[in-house]
Amino acid sequence: MIKKCLFPVAGYGTRFLPATKSMPKEMLPIVNKPLVQYGVEEAIEAGLTEIGLVTGRGKRAIADHFDVSYELEHQIAGTSKEEFLSSIREVMSKATFSMTRQQEMRGLGDAILNGRRLIGDEPFGVVLSDDLCLNTEGGDGVLAQMVQLYKQFRCSIVAIQEVPEDQISKFGVIAGEKLKDGIFQVTNMVEKPAVEEAPSNLAIIGRYILTPDIFEIIENTPPGKNGELQLTDALLTQAKNGCVLGYKFKGTRFDCGSVDGFVEATNYVYNNIYKM
Ligand code: UTP
């Protein structure tokens, strides 16, 4: 029912400089696979096989990653090295890729708005691939869990997790009424609040299901925190006019846009996935 998934990958990744000076942060590898490929695999698992990349300057490596590399593939054809390409070949056979450019980094809301022409008038997923989500408890990935929830409620959904006080100012934070275990109807949302202004300790992470009315709402949303067009502000309007759910997902999220989270994810994947 939901077929499309948007990947805003235009950000500068300043927290990872100098590594990200000429390389997109979404191409940083967790062991032997770039972050963005983990995100695309999660989307495919959820049945979202039409991938839309919102890219920017210096991000061509991402588009190339999901395309055939003739010279390389010709060179290793018939050798044992070919198996190293099996995961990316599987991704390429299951998904289609479209691209659009965000010309100025005006925030996540603006990046999503740029993706409008790739989405049209249907509900869609959003993955911020620097948040690596792994289902460390077994079972479905986070997006697949959210798609199931969408089938029941048919409204926008944000993935949330509880975070400690000293982390709260790094996230969008929700307040909500509990509908069921782990499911909240959002009543308030604040982008990167100071601890004393945070409405709860429930932080939004980089997985969303959005209904297409979000585009018009973003268009009518003024720039917010840091002068950027904030998706959080548009989602608050959507929550007030209708319904937005916060969903406490099953699994673990690693903040791979930060060095600490990146190292933690690398250790986890090496020990629990790569070496298994
Ligand atoms: P971040 O807040 O992580 O920003 O963006 P960033 O620029 O990528 O990284 P830092 O903070 O400078 O280290 C969250 C997501 O939104 C995308 C980013 O690519 C990332 O996936 N984004 C952000 C855009 O695509 N465009 C924007 O204008 C802003």
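Calculation notes
- Residues numbered from 1 in each chain as written.
- Predicted model: local features only at pLDDT ≥ 70, side-chain atom pairs only at ≥ 80, totals over all residues.
- Heavy atoms only, no water.
- Helix = DSSP H or I, 4+ residues; strand = E, 2+ residues; numbered from the N terminus.
- Phe/Tyr/Trp six-rings, centres within 6.5 Å; stacked < 30°, edge-to-face > 60°.
- Buried < 20%, exposed > 50% of the residue type's maximum accessible area, 1.4 Å probe, protein only.
- Near = heavy atom within 4 Å.
- Polar contact = N/O pair within 3.5 Å; in protein donor to acceptor, adjacent residues only side chain to side chain.
- Areas by Shrake-Rupley, 256 points an atom, 1.4 Å probe, with all protein chains shown as cover.
- Nonpolar A, V, L, I, M, F, W, Y, C, P; charged D, E, K, R; others polar.

J.: Looking at this structure, how should I read unusual backbone geometry?
T.: Where the residue is not glycine, phi is negative for most of them; where a peptide bond is considered, it is trans in most cases. Here the residue pair leucine 17 and proline 18 is connected by a cis peptide bond, since its omega of 5° sits within 30 degrees of zero. Along the chain, proline 18 falls in the loop between β1 (4–8) and β2 (29–30). For lysine 192, which is not a glycine, the phi torsion comes out positive at approximately 40°. Relative to the assigned elements, lysine 192 resides in the loop between β10 (183–191) and β11 (202–210).

J.: Would you take a moment to explain the packing of aromatic side chains for this structure?
T.: To describe a pair of aromatic rings, you give the distance between the ring centres and the angle between the ring planes. Scanning the entire structure with this criterion turns up 5 aromatic pairs. Summarising the aromatic geometry, the rings of phenylalanine 16 and phenylalanine 262 are spaced 5.2 Å apart at their centres and angled 70° between planes, so their arrangement reads as edge-to-face. Note that phenylalanine 16 is positioned in the loop between β1 and β2 and phenylalanine 262 in helix α10 (residues 259–274), a separation of 246 residues in sequence. Here the two residues phenylalanine 16 and phenylalanine 262 agree in accessibility, since each one is buried.

J.: For this particular structure, what's the right way to read the site of the ligand?
T.: Looking at the ligand, there are 18 residues lining it, with Thr14, Arg15, Lys25, Gln102 and Gly107 nearest. Side-chain polar atom of glutamate 26 to an oxygen atom of the ligand: 3.3 Å apart, as the coordinates give it. Contact distances for the ligand include 2.7 Å between a nitrogen atom and a side-chain N or O atom of glutamine 102. Protein contact buries 82% of the 570 Å² of open area that the ligand shows by itself. Counted by class, the shell around the ligand contains 8 nonpolar, 5 polar and 5 charged residues.

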